[in-house]
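This is what each chain is made of:
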Amino acid sequence: MRISFGWLSEFIKPGLSVEKIAHLLTMSGLEVEALETTPNNDVIMEVNVTPNRADCLSILGVVRELSVLTGAQVTLPPARIKTEAETAGPQIKVEIRNPELCRRYSGRVVRNLSIGPSPEWMARRLEDYGIRSINNIVDITNYVLIELGHPLHAFDLNTLKGGRIVVDTADNIYRQIKTLDGVERKLAGNALIIADAEGPVALAGIMGGASTEVEESTTDIFLEAAWFEPVNIRKTAKAFGLSSESSYRFERGADIEIIPYALDRASFLIQELAGGSPGEPVDVYPGKRAVPRCIEVSAARISRLIGTDISREDATGILERLGFAPVWSDSVITSFPPSYRLDVEAEADIVEEVARIYGYDRIPTALPASRLSVPEAMAKMNFVRAARQSVRRSGYSEAINFSFMNPLALDMLSLPPEDARRSAVSLINPLKQEESLLRTTLLPALIENLRHNLQRDLKDIMLTESARVFIKRKKGEQPEERLMLSGISMRNSTYSFWRNGKDEFYAAKGAVEALFDGLRIQDRSFSPSQEPFLHPGKSAEVFISGRRCGFVGVLSPAVREKAEIKGKEEITVFELDLDIIFENLPRASVYRPVPKFPAVERDIALVVDDAVSAAEVIRRIKDYPSKLIESAAVFDLYKGDGIPSGKKSMAFNIRYRAQDRTLTEDEVEQVHEGLIKDLLVHTGGNLR
Amino acid sequence: MGGQRKSSSLRESFLNELSPASSVPEIEELRVRYLGKKGLLTAELKNLGGLPPEQRREAGAALNETKEFIEQALARRKQELKELELRRKLASESIDITLPGSHVRPGHMHPVTQTLEEITDVFVSMGFSVEEGPEVELDYYNFEALNIPKEHPAREMQDTFYVSSDVVLRTHTSPVQVRVMQRKSPPLKFIAPGKVYRCDADISHTPMFHQIEGLMVGEDITFSNLKAVLEALLHRIFSPDVPVRFRPSYFPFTEPSAEVDIGCIFCKGTGCRTCKGSGWIEILGAGMVNPHVFEMVGYDPKQYSGFAFGMGIERITMLKYSIDDIRLFFENDIRFLGQF
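Residues numbered from 1 in each chain as written. Chains lettered and ligands numbered in written order. Predicted model: local features only at pLDDT ≥ 70, side-chain atom pairs only at ≥ 80, totals over all residues. Heavy atoms only, no water.

Peer 1: Just checking my understanding: could you explain empty space enclosed by the protein for this structure?
Peer 2: Think of a ball as big as a water molecule: rolled over the atoms, this probe shows where empty space is left. According to the stated counting rule, one finds four cavities of 30 Å³ or more in the structure shown. Estimated volume of the largest cavity: approximately 130 Å³. Residue classes in the lining of the largest cavity are distributed as six nonpolar, five polar and four charged. (1 Å grid on protein atoms, 1.4 Å probe; cavity = no way out; pocket = protein on both sides within 12 Å on 5 of 7 lines; lining within 4 Å. Points joined across faces, edges and corners; volume = space filled by probe spheres on them. Nonpolar A, V, L, I, M, F, W, Y, C, P; charged D, E, K, R; others polar.)

What follows is the structure in structure tokens.
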């Protein structure tokens, strides 16, 4: 809300600079965001009026607030008119058919006025508000709206049919209206309508109709001042995509008791600026004057919630200046907030009013005296942090992307129709089509990040992200949310030291294994992956405790091509479901005695078909029926000279140990010979 | 007298031969030459028997002394040469120690994550626990249970992404308050960090950002407490002398409500572009829990009071690192990420 300092000064003279006033308002809840000097040499305060303070959407509202803060007196602008009932002619008859939606409807006929341009002072003031001056009558309704905060509307009396106004919902009676903005609008449902004897003449509280518009030829008007129910106005305004200064105020709650004054004030200005004879006002107010709300609160409660003793004098003074007419009985204050303070409904509102006028800065700070409680384990948070840190230590930098996904991304990954990641949640109102789904995988965003970096000629791009993905359940239901940890890596710098340049797959797998090692997850395995976006020969499904928790592998050339990523270096990716990993974390370790007797080590070099995996051989070794085999590990892989094509040589280290004695060479030899025979038979290989 | 003369000439010739010796084998040769079975000194010792007894004692003592001298000199020289040789060997093995180390270069945590964890840790150290809630939330939790009914003007404060008429992307982390209060009874104190969404995008707004929500409920929680806790946080995150001010504001789920500002850390309060000349920067929203919210979750507002607060992490991170465009956080340019 823009508040003109010049205009405000007509109401109140607190004797303070505009800066000081801005500070006072800011510190009591009306934040002044900026001060602006207008071409007409006024200063406008840009006031951020929160939705609860509809009473401050006017000069008068801010003036009242300033009066509370400074104690300065308010002088209301003149509104005494000379009524000439005889010359005013027949009155308009008003009928409210829907008193819940229109609690009060007032109006006044003004005849024989002269439409013309507004005087310069008014045109300038409106201009400072960004309102174009139209003619003196329309300008006056706008002027009073800003000044007093109550919306008014002027109808051309001679176009109103049958001398009557009907306030009713559209339902099936009223079908169509052309509003002042020239748009034909279809009417239906609960939209509140102002009609004359023949049909709709205004969308109540939102916009007038074109047929009754005040024009240069207008001589007589009917001036409307009414109160419309906020929710209805808001719904109708939203349905029509139409928001006006008027609807903005009615939606937030207008002051029902200011209506006669607003009507008089506008009539006064009309008399001053356009002449004419105002008639007696009509005032249909079915519920009659609203009984002031009365709110009780104990003084102790105020002090207890704020945390400091507010004296009886302080509280009384504040509430009195607010116009709440406080009455004390024992230690309870009863307040009667004025009609314009619709936001003050309950005890907490009174506490807030006292606190904000008392001044938040005067309330001392005191850390809570809190009892110790049983601490929460926060295992999940610590786990997620550890997982992220592990991947970071493996060289990946953390990215954060929006949770949105381009529908085309699912095609880029060549996901089949039955893939769960196709079940994405779509947004009703996305900002753009490329952000119309919620992510079901973090991969597309990371591929995009990679491309962004490559386009800037950056090298060695390793990025990770941990974020939730969203898998649709039923339409309209909340989706399943799963926390994923993903990574992408392209090491394409030719100028890096210590790069072994071997298969990138193992670097990515190494990051996954390092994560598992850090979490002490021993029960893990990798098997060839069928993911359509991965290189079929360089990718793995990742299992822990027999449960699939993700994949790691080289991005398939087809996806690279679709993503338009240049360069020949391999791109590796991984994606792990952190929720599954968390559910399968090993329990705390139990101590096992450290061996008392030495181990004996033996190596085996096997020449086997390429298809035989190291994991198969190790499993076979571990399954060999001897208690003496403690561990087995692969330590060399060789292909080339001396090895037939289609075959490879793998070397394994086997460690033998007995728990109760030192093994003899003979004992070990016997088992080892047996093991070798077993391996040769099962792998179809030879010793190298 | 002949024995003594012999001794000193032996010592002299030994020293003459020792000085050019420059390797361990040469030293060994010298040892054999003087002290071996057929060595020069050994021979003299053998000759002692032919001397008259009165000369024998004197000459024997002199020769033994010389023997000891030679032994020590040889040992000393041998040690010197060994050290010299080792030094030579090590010198020949020198490598360029200015080449980079061969460890895996660690990546960088995103600055938003770093700020989020820093704030989380401050609250955890004050005894707050950490809670979570869904990002795709029911309208009920995101709005209605927080005293924002449908058609309430406050809904305009937050542009909302809709999944269906009843399901939204949460516009704030506040729904976690309601979910936790439904599940647990007071007293409680927790924070809820996470992603939130608003249908809005420009230089200072992104459609997704991070918040930390906090709630403390008990029998005597006051506005004073709220001020103290948030002041402590801001002093930890920024600096112990940063000015903090609370001014009245409005949130449907708190009352009284406050916006919290810190003195502008760029201009120190004199007014600059970042603080729009005011000297203050808005940093978070807070307030005492609205009794309606307590009623919605079945807490007795007469018995319990509480405070709640919420802050945007991107905003705080921008201030901490002087970042002027929020969109940098989501481009994931490695030149940006590598700075944190």
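Peer 1: Is there a simple way to think about the interface of chain B and chain A in this case?
Peer 2: Interface extent is often summarised as the accessible area lost during association of the parts. Taken together, the contact between chain B and chain A spans 89 residues of the former and 86 residues of the latter. Interface area, chain B with chain A, both sides summed: about 7300 Å², of which 59% is carbon and sulfur. For chain B, the biggest contributors to the area lost against chain A are E151(B), P248(B) and I334(B); these three give 10% of the whole. For the salt bridge of E132(B) with R468(A), the shortest nitrogen-to-oxygen distance reads 3.7 Å. Looking at the side of chain B that touches chain A residue by residue, the class counts come to 41 nonpolar, 22 polar and 26 charged. (Contact = heavy atoms within 4.5 Å. Buried area = accessible area lost by both parts, 1.4 Å probe. Salt bridge = Lys/Arg side-chain N within 4 Å of Asp/Glu carboxyl O.)

Peer 1: Explanation requested: the domain arrangement of chain A in the structure shown.
Peer 2: What the domain assignment reports for chain A is domain 1 (2-70), domain 2 (85-284), domain 3 (295-360), domain 4 (379-583) and domain 5 (600-687). Each of domain 2 of chain A and domain 3 of chain A was reduced to a C-alpha centroid, and the two centroids are 37 Å apart. (Domains from an automatic or database assignment.)

Peer 1: What am I meant to see in the side chain of S403(A) here?
Peer 2: For S403(A), the location among the structural elements is in the loop between β19 (397-398) and β20 (404-405). Classification of S403(A) as buried rests on a relative accessible area of 1%. There is a polar contact of 2.5 Å between the side chain of S403(A) and the side chain of Y197(B). For S403(A), the residues in contact, after removing those within four places along its chain, are L437(A), L438(A), R439(A), F470(A), E135(B), K195(B), Y197(B) and M208(B). (Helix = DSSP H or I, 4+ residues; strand = E, 2+ residues; numbered from the N terminus. Buried < 20%, exposed > 50% of the residue type's maximum accessible area, 1.4 Å probe, protein only. Polar contact = N/O pair within 3.5 Å; in protein donor to acceptor, adjacent residues only side chain to side chain.)

Peer 1: Looking at this structure, I do not really get the pairing of strand β10 (residues 192-195) of chain A. What am I missing?
Peer 2: Residue and element names in this part refer to chain A. Across the two faces of β10 the burial is the same, with L192 and I194 and I193 and A195 all buried. Examined bridge by bridge, strand β7 (residues 164-169) and β10 share four bridges and lie antiparallel to one another. When the bridges of β10 are listed, D168 appears paired with I193. Where β10 and strand β11 (residues 200-203) come together, three bridges link them in antiparallel fashion. The residue of β11 that forms the bridge with I194 is A202. The antiparallel hairpin formed by β10 and β11 contains four residues in its connecting segment. (Pairing = 2+ DSSP bridges.)

Peer 1: What should I look at first to understand the packing of helix α13 (residues 379-393) of chain A against helix α5 (residues 111-125) of chain B in this one?
Peer 2: Packed helices, taken two at a time, are described by their axes: the angle between them and the distance between them. Contact pair α13(A) / α5(B): the axes reach a minimum separation of 13 Å and the direction vectors enclose 145°. Here α13(A) runs over α5(B); the crossing is left-handed. When α13(A) is examined against α5(B), the residues M381(A), R385(A) and R388(A) are found in contact with a partner set consisting of T113(B), E117(B), T120(B) and D121(B). When its residues are assigned to classes, the contact of α13(A) with α5(B) shows one nonpolar, two polar and four charged. (Axes fitted to C-alpha atoms, helices over the stretch in contact; angles between N-to-C directions. Left-handed = near helix turned anticlockwise from the far one by under 90°.)

Peer 1: Looking at this structure, I do not really get the side chain of H210(B). What am I missing?
Peer 2: Within the element layout of this structure, H210(B) appears in strand β5 (residues 208-218). In this structure H210(B) comes out as buried when scored by relative accessible area, which is 8%. Among the polar contacts made by the side chain of H210(B), one reaches the side chain of E314(B) at a distance of 2.7 Å. Contacts of H210(B), omitting those with residues within four sequence positions, involve I400(A), V112(B), L116(B), G194(B), K195(B), M311(B), G312(B), I313(B) and E314(B).

Peer 1: Just to check I follow, could you spell out the sheet that holds strand β18 (residues 332-335) of chain A for this structure?
Peer 2: Adjacent strands of a sheet form backbone hydrogen bonds with each other and so pair up, either parallel or antiparallel. Residues and elements named next belong to chain A. Spatially, β16-β18-β17 is the arrangement adopted by the three strands of the open sheet, whose pairing is antiparallel. Since the sheet does not close on itself, it has two edges, and those belong to β16 (295-298) and β17 (327-329), each with one partner. On average, each strand axis in the sheet is inclined to that of its neighbour by 25°, with strand direction left out of account. Judged from the three bridges that link them, β17 and β18 form a sheet pairing that is antiparallel. Counterpart to W328 in the pairing with β18 is I333. Relative to the sheet, helix α10 (residues 299-306) contacts β16, β17 and β18, its axis offset from that of β16 by approximately 70°.

Peer 1: What is the right way to read the layout of surface pockets from this model?
Peer 2: All names here are of chain A. Each pocket or cavity is described by its volume, and for the second largest pocket that value is around 1800 Å³. Lining the second largest pocket we find 36 residues, and of these Y506, K509, S613, A614 and A615 sit closest to its centre. Mapped onto the lining of the second largest pocket, the elements with two or more residues apiece are α16 (504-518), β24 (524-528), β25 (534-544), α19 (614-623), β29 (629-638) and β30 (647-656). Of the residues forming the lining of the second largest pocket, the biggest block, seven residues, is contributed by β29. Its residues assigned to classes, the lining of the second largest pocket comprises 17 nonpolar, seven polar and 12 charged.

Peer 1: Can you walk me through the domain arrangement of chain B in this structure?
Peer 2: Domain parsing of chain B yields domain 1 (2-90) and domain 2 (111-134 + 170-337). The distance between the C-alpha centroids of domain 1 of chain B and domain 2 of chain B comes to 88 Å.

Peer 1: Teacher, can you tell me more about the sheet that holds strand β6 (residues 244-251) of chain B here?
Peer 2: All names here are of chain B. Spatially, the seven strands line up as an open sheet ordered β1-β4-β5-β9-β8-β7-β6, and their pairing is mixed. Since the sheet does not close on itself, it has two edges, and those belong to β1 (129-130) and β6, each with one partner. Examined bridge by bridge, β6 and strand β7 (residues 254-263) share seven bridges and lie antiparallel to one another. By the bridge assignment, R247 is partnered in β7 with E259.

Peer 1: Mind showing me how you'd approach the nonpolar core here?
Peer 2: Most often, soluble globular proteins keep nonpolar side chains buried together rather than apart. Counting residues in each nonpolar core, the largest one holds 115 residues, and the members touching the most others are I447(A) and M311(B). Apart from the residues within four sequence positions on either side, I447(A) is in contact with M412(A), L413(A), I488(A), L555(A), V559(A), A563(A) and I565(A). Judged by nonpolar contacts, the second largest core, of 98 residues, contains V47(A), I131(A), L160(A) and F228(A). (Core = buried A, V, L, I, M, F, W, Y, C linked by side-chain atoms within 4.5 Å.)

Peer 1: Just to check I follow, could you spell out the packing of α19(A) against helix α20 (residues 665-683) of chain A for this structure?
Peer 2: Residues and elements named next belong to chain A. α20 packs onto α19 with a crossing angle of 140° between their chain directions and a minimal axis gap of 10 Å. On the basis of the axis angle, α19 is oblique to α20. Crossing of α19 over α20 shows right-handed handedness. Contacts from V617, R620 and I621 in α19 reach L675, D678, L679, H682 and T683 in α20. Its residues placed into classes, the contact of α19 with α20 shows four nonpolar, two polar and two charged. (Parallel < 35°, antiparallel > 145°, perpendicular 65-115°, else oblique.)

Peer 1: Which parts of the structure should I look at to understand the environment of V617(A)?
Peer 2: Residue and element names in this part refer to chain A. Structurally, V617 can be placed in helix α19. Residue classification places V617 among the buried positions, given a relative accessible area of 1%. Taking the C-alpha atoms as reference, V617 lies 76 Å from E347; in sequence the two are 270 residues apart. Residue contacts for V617: discarding those within four places in its chain leaves L606, V612, M650, F652, L679 and T683.

Peer 1: Just checking my understanding: could you explain the pattern of salt bridges for this structure?
Peer 2: Pairs may arise between side chains of opposite charge once their charged atoms sit close together. One pass over the full model with this rule turns up 76 salt bridges over all chains. Overlapping salt bridges, with partners in common, bring together R53(A), D55(A), E65(A), R341(A), D343(A), E353(A) and R356(A) in one network.

Peer 1: In this structure, what is going on with helix α9 (residues 259-274) of chain A? I would like to understand it.
Peer 2: For an α-helix, the turn length of 3.6 residues means that residues three or four places apart are oriented alike. Residue and element names in this part refer to chain A. Look at α9: 21 Å from first C-alpha to last across 16 residues, which is about the 22 Å you get at 1.5 Å a residue. For α9, a buried count of 12 out of 16 residues is recorded, marking the element as mostly surrounded by other parts of the structure. Along α9, the residues classified as buried are I259, Y261, A262, L263, R265, A266, S267, F268, L269, I270, Q271 and A274. (Expected span 1.5 Å × (residues − 1).)

Peer 1: Mind showing me how you'd approach the packing of aromatic side chains here?
Peer 2: Applying the stated criterion across every chain, the model contains 27 aromatic pairs over all chains. Measuring from centroid to centroid gives 6.0 Å for F404(A) and Y197(B), while their planes differ by 65°, and the two rings are edge-to-face. On the criterion of chain membership, the pair formed by F404(A) in strand β20 and Y197(B) in strand β4 (residues 188-197) is interchain, its members lying in two chains. Grouping residues by exposure puts F404(A) and Y197(B) together as buried. Three or more aromatic residues joined by ring pairs form one cluster here, namely F402(A), F404(A), F161(B), Y197(B), Y321(B), F329(B), F330(B), F336(B) and F340(B). Taking the ring centre of F69(B) as reference, the NZ or CZ of R11(B) above it sits at 4.6 Å. (Phe/Tyr/Trp six-rings, centres within 6.5 Å; stacked < 30°, edge-to-face > 60°. Lys NZ or Arg CZ within 6 Å of the ring centre and 35° of its normal.)

Peer 1: What is the right way to read the pairing of β5(B) from this model?
Peer 2: Along any regular strand, the residues point their side chains to alternate faces of the sheet. All names here are of chain B. Counting buried positions along β5 yields 11 of 11 residues, so the element is predominantly enclosed. Of the two faces of β5, the one carrying M208, H210, I212, G214, M216 and G218 and the one carrying F209, Q211, E213, L215 and V217 are both buried. Note that β4 and β5 share 10 bridges and pair antiparallel. Counterpart to I191 in the pairing with β5 is G214.

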